[in-house]
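Notes for the structure review
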Amino acid sequence: MLQTINWQARAKSVLMPNRPFIDGRYVDSVSNETFPCVYPGDGRLLTQVTSCNEADVDKAVRSARKAFDAGVWSRMAPTDRRRILLRFSELILANREELALLETLNVGKPIANALNGDVVSAASCIAWYAEAIDKVYGEVAEAHEITTLVVREPLGVVAAVVPWNYPMSMAAWKLGPALATGNSVVLKPAEQSPFTALKFGELAIEAGLPPGVLNVVPGLGHIAGKALGLHMDVDCVGFTGSTEVGKYFMQYSGQSNIKRIGLELGGKSPQVVLADCDDLDAAAAGVAAGIFANAGQVCNAGSRLIVDETVRDALFEKIAAHAKSFTPGDPLEAATRMGSLVTQEQMERVLGYIDAGRAEGATTLVGGSRVRLETGGFYVEPTIFDGVRNDMKIAREEIFGPVLSAITVKGFDEAMEVANDTIYGLAGAVWTGSIKNAHRAAKAIKAGVVWVNCFDRGSMAVPFGGFKQSGFGRDKSLHAMDKYTDLKAMWFAH
């Protein structure tokens, strides 16, 4: 199917939703302001999208609160909520071509990745939480002549503020557990990627979700996002994005109603290749995919390669060979493996870090330039730096682009010391042939996720989230439901 579709032709006729979705329908905004949506593959303007302001956000929150208090979803029978969310998941898959195309047009992701990755991931997530609804129970505790029940209750109105790198998947990671537990949700997509979030609003209503339970407000982060963070009737914010913005949401919580905050933030994940690694081919493939997939625009990207000096040269040669398969191409071509960066601003940011790496004395082994200039799009080729020290800017700051910083170490202890010398703690990986060192490293790396002899493996059954300034709270798994519920203890005298 992927190979037979003319995606360029489809792109000319696809409808691009561009107004807020509130109370079960698209509505005009109070602000009457817009922002441009640009296709990063060639820099052309796609459409103008409504830029919601404080009044628009308040309208969405009031709609969500009304639906919650009415109990049309929050007190619906669990089996009925399950049925509706399963239908929502089915509709996402039924509309997979349109959704994939909208995502590629927004963010420059290869159409194959959007179609076979993000759409499927989002639908699977919603279905997983739908199936969990009637299988999660409370607790019963016995005391002397008294019985206690411990139950989970939905918080109320949840604001889901999601990023542009995986728009559908990240939205689903919030919507799945928040809706499954009975909350109403106001979804605020990144301004770079509003299309699929708005389409989700449509599909949710078609699936049977009552109006007001899911509202979608496109807008700028410092206006619409801030308004949600400060709103006195929002009970929780689930945010995925940069550490800088995550800190703002913590401030907004303190300045308003002490709303609950769940944060999945930035990372500078180490890929550690030890001297005893017995499969450098697998390590090289994992390292390359870990930084060049999605053009490096991944929160847990393995952007720091920490390699033992004894295997350094052989590993570099293999990674450089893999980098060639990530040559940037047209996002709407089925064979493209790496598309564009999301915006011109992001491209310039990445190129700025490449300049900084050279200025600080690192050596460019591969890449380091903007490519496909003739298209007008925002492309940067896979880039590998050698001779990096861990105190360099390119080793300490999140670049969010296809840039690998290689740091040579000597021995296990130095590798662990460098791996943990960062403000972040989202993820990490170790490549080793020693079962002893595998366990030592997995325990030593201070991160919420550690992979051994693999990278970026995932399952809806396993939680995802970080340590340190990579945030707190978990997405995915039953643990994600904790963010969106409160425990209530009830005591019954005999």
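Scroll up a little and you will see the structure.
Quantities reported herein were computed from a predicted structural model and do not represent experimental measurements.

Considering the packing of helix α3 (residues 78-94) against helix α7 (residues 195-207)
Two elements in contact, α3 and α7, have axes separated by 8 Å at closest approach and are oriented at 130 degrees. In terms of orientation, α3 lies oblique with respect to α7. Helix-helix and strand crossings are classified by hand; for α3 and α7 the assignment is right-handed. Here Ile84, Arg87, Phe88, Leu91 and Ile92 of α3 lie close against α7, whose contacting residues are Phe200, Leu203, Ala204, Glu206 and Ala207.

Let's talk about the pattern of salt bridges
As enumerated under the stated definition, the model contains 27 salt bridges in all. Linking Asp281 and Lys318 is a salt bridge whose minimum nitrogen-to-oxygen distance equals 2.8 Å. Within this pair, whereas Asp281 is found in helix α10 (residues 280-292), its partner Lys318 is found in helix α11 (residues 312-323), the two being separated by 37 residues in sequence. The class for Asp281 is partly exposed, based on a relative accessible area of 48%.

Here's the deal with unusual backbone geometry
Positive phi outside glycine occurs at Ala295, with the angle close to 55 degrees. Exposure remark for Ala295: the relative accessible area of 3% places this residue in the buried category. One non-glycine residue, Lys468, adopts positive backbone phi at about 50 degrees. Note on placement: Lys468 falls in strand β22 (residues 467-468).

Structural notes on helix α9 (residues 243-255)
In this model, α9 (13 residues) spans 19 Å end to end at C-alpha, consistent with the 18 Å of a helix rising 1.5 Å per residue. Listing the buried residues of α9 in full gives Thr243, Gly246, Phe249, Tyr252 and Ser253. Projected down its long axis, α9 shows its buried positions confined to an angular sector of 165 degrees, all on one face. Exposed positions of α9 whose direction lies more than 90 degrees from the buried face are Glu244, Gly254 and Gln255. Buried residues along α9 sit against β7 (157-161), α8 (221-230), β10 (236-240), β11 (260-264) and β19 (424-425).

Definitions and limits used
- Residues numbered from 1 in each chain as written.
- Predicted model: local features only at pLDDT ≥ 70, side-chain atom pairs only at ≥ 80, totals over all residues.
- Heavy atoms only, no water.
- Axes fitted to C-alpha atoms, helices over the stretch in contact; angles between N-to-C directions.
- Helix = DSSP H or I, 4+ residues; strand = E, 2+ residues; numbered from the N terminus.
- Parallel < 35°, antiparallel > 145°, perpendicular 65-115°, else oblique.
- Left-handed = near helix turned anticlockwise from the far one by under 90°.
- Contact = heavy atoms within 4.5 Å.
- Salt bridge = Lys/Arg side-chain N within 4 Å of Asp/Glu carboxyl O.
- Buried < 20%, exposed > 50% of the residue type's maximum accessible area, 1.4 Å probe, protein only.
- Expected span 1.5 Å × (residues − 1).
- Arc of directions from axis to C-beta.

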